[in-house]
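Here is what each chain is made of, one letter per residue.
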Amino acid sequence: MALRLTQRLLQTQTPFLTRGYPMLVTKEKSEDVAHTKSSLQKKVTRTDIPSAQYGGRHAVTMLPGGGIGPELMTYVREIFSYCGAPIDFEVIDIDPSTEGNDDLDYAIMSIKRNGVALKGNIETKSQELSDISRNVAIRNELDLYVNVVHCKSYPGIPARHQDIDVVLIRQNTDGEYAMLEHESVPGIVESMKVVTVENAERVARYAFEYARQNNRKKVTTIHKANIMKLSDGLFLECANRVHKDYPELEHDNMIIDNTCMQAVSKPHQFDVMNMTNLYGTIVSNVLCGLMGGAGLISGRNYGDHYAVFEPGTRNTGTAIAGKNIANPVAMINASIDMLNHLGHKEHANVIYEATYQTICNDAIRTPDLGGNHSSTDVVENILKILSAKRVNWPHGNYFNQL
Ligand code: ATP
C-alpha cells in the first residue's frame, strides 16, 4: 500500500506537463477498458494488471522479433530515452531457428513477471507440424484473448479512403488458429476451427464494453454462419446474447466475404467490429491497407492479467529489413499504447503528437506512405519536435509548459 502510494506520488510529480499543447487528435480511452467479464462491468482500473515497477518506473519485456523488428525497437528506445519515459526494457531475442523452446519459455516468464510487453513479429520459418508459431504460443500461453486494432486515418496520408475510424476487436486465441491439423488418411487433411462459449462471450463483451465506454454506437459481428453453422453460428449466438446487456448499442452482423467488399467500398459504415481470429487478421489487413499500409497502425493484445503491444498487421518485413525504409510509426504507436496502458499519459501524448506532426504536418514519410524519407529521418524529426518541448536538458526530462 505504502509502495503504491509512493509510486503514485512519484508519477504525479513527473516534472513535465503537456498542458497547452494542441491535442492534434485525441486517442480513445480504450487502453483503460478493463479485461474480465466482472471487471469490464465494474470498469476497474489498470492497476488490476500486475506489473513490475520500482520508483515509478515500469519494467517491460521487449521482444524485437525478426525482420524489421530490431531496428524499430531501436527507434522506440531512442525516443523513450530522449523524453525520459520511465520504462526499463528487458530485451529478449527469440530465434525461431534454435532447437527447443527455451527462448520462448523465457520470454513468456518475463512477460508474466512484468505484466506487459512490446513485441515485433517472430518469424515462423518451419513447416514442421511440431514447430508451433511462437507468436501464437505467446498469445495462448498468456491467454491474451482479445486483440484491438483501432484503424483511424491520419489526415493527409495518401490512402484509398480518408476519415476511417473503425475499431476491430478480434478473438485472439482460438478459432482458425487452434493449430489442430492432421492428415487423416494420405491426401486428406483436416483443420479444426475451435469456438468456445467462454471465448466468444468474453470477446463480445469486450467489444460491447469498449463501445459503451468510448461512446460508440454500433457493434458489427463478422461471421460465416451460413456455411460454418456450428462454429460461427455459436460465435454469433454468443454476441447476440451479450448484446442484451447493452440495449443502448446497435448490434448487427455481416458475412466475412461481404465485409471485405464493404470495407473496401464503404468503410465508414463500420464502428466497432467483433470477429473470430482469422477474420480479424483479414479485415485488419484490409483496413490498414486502405489507410496507408502496414507501417501505421498499432495493435493491442489483452488478457485478464497481461498485455502485449505490437504493430497492428503483425508483419515481419524481412524483405525491407536493414534498408532504413521501414515505417517506424506502427511500432511507435504500439509503444504509445503501452505507455497509456501503464498510466504514463504525458509521455504517451507528447510522443503521439510529435509522431503525428512528423507524418501529417511536416510530411516526413517513408516510401510506403508515398514519401522519400528514411526511417531515421522520421525518427530524427520526432526527436527534433520533442527537443523543442524540452527545457533544462541534460538535467531532467522537462518539457515546456506552454
Ligand atoms: P517478408 O517478411 O519476407 O517481407 P511478406 O512479404 O509476407 O514477408 P510481411 O512481413 O507480411 O511481408 O509484410 C507485408 C508487406 O508490408 C511487405 O511488403 C512489407 O514490406 C510491408 N511492410 C510491413 N511492415 C512495414 C513497415 N513497417 N514499413 C513499410 N512496409 C512494411
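Residues numbered from 1 in each chain as written. Predicted model: local features only at pLDDT ≥ 70, side-chain atom pairs only at ≥ 80, totals over all residues. Heavy atoms only, no water.

An unreviewed UniProt entry annotates the protein as Isocitrate dehydrogenase [NAD] subunit gamma, mitochondrial isoform X1 of Drosophila pseudoobscura pseudoobscura. Listed under Sequence similarities (unreviewed entry) in UniProt, the entry text for the protein is "Belongs to the isocitrate and isopropylmalate dehydrogenases family." UniProt, in its Subcellular location (unreviewed entry) section for the protein, records the words "Mitochondrion". (UniProt positions renumbered as here; feature names shortened; annotations may be inferred.)

Right, let's talk about the environment of Ile-79 for a bit. Note that Ile-79 resides in helix α3 (residues 69-83). The class for Ile-79 is buried, based on a relative accessible area of 1%. Along the chain, Ile-79 and Leu-386 lie 307 residues apart, while their C-alpha atoms are 8.7 Å from each other. Sequence-distant contacts of Ile-79, that is, excluding residues within four places in its chain, are made with Ile-332, Ile-351, Val-379, Ile-382, Leu-383 and Leu-386. (Helix = DSSP H or I, 4+ residues; strand = E, 2+ residues; numbered from the N terminus. Buried < 20%, exposed > 50% of the residue type's maximum accessible area, 1.4 Å probe, protein only. Contact = heavy atoms within 4.5 Å.)

The next thing to look at is the site of the ligand. Around the ligand, the neighbouring residues are Ile-68, Ala-294, Gly-295, Asn-315, Thr-316, Gly-317, Thr-318, Ala-319, Ile-320, Ala-326, Asn-327 and Asp-368. A distance of 2.6 Å separates an oxygen atom of the ligand from a polar backbone atom of Gly-317. Asn-327 places a main-chain nitrogen or oxygen 2.9 Å from a nitrogen atom of the ligand. Expressed as a share of its isolated accessible area of 590 Å², the protein-covered part of the ligand is 58%. In the shell around the ligand, the residues fall into five nonpolar, six polar and one charged. (Near = heavy atom within 4 Å. Polar contact = N/O pair within 3.5 Å; in protein donor to acceptor, adjacent residues only side chain to side chain. Areas by Shrake-Rupley, 256 points an atom, 1.4 Å probe, with all protein chains shown as cover. Nonpolar A, V, L, I, M, F, W, Y, C, P; charged D, E, K, R; others polar.)

A full pass over the atoms with the stated rule returns 19 salt bridges. The closest approach of N and O atoms between Arg-205 and Asp-245, which form a salt bridge, is 2.9 Å. One end of the pair, Arg-205, is in helix α6 (residues 197-213); the other, Asp-245, is in the loop between α7 (231-243) and β10 (250-255), and 40 residues separate them in sequence. Here Asp-257 makes a salt bridge to Lys-224, at a shortest N to O gap of 2.8 Å. (Salt bridge = Lys/Arg side-chain N within 4 Å of Asp/Glu carboxyl O.)

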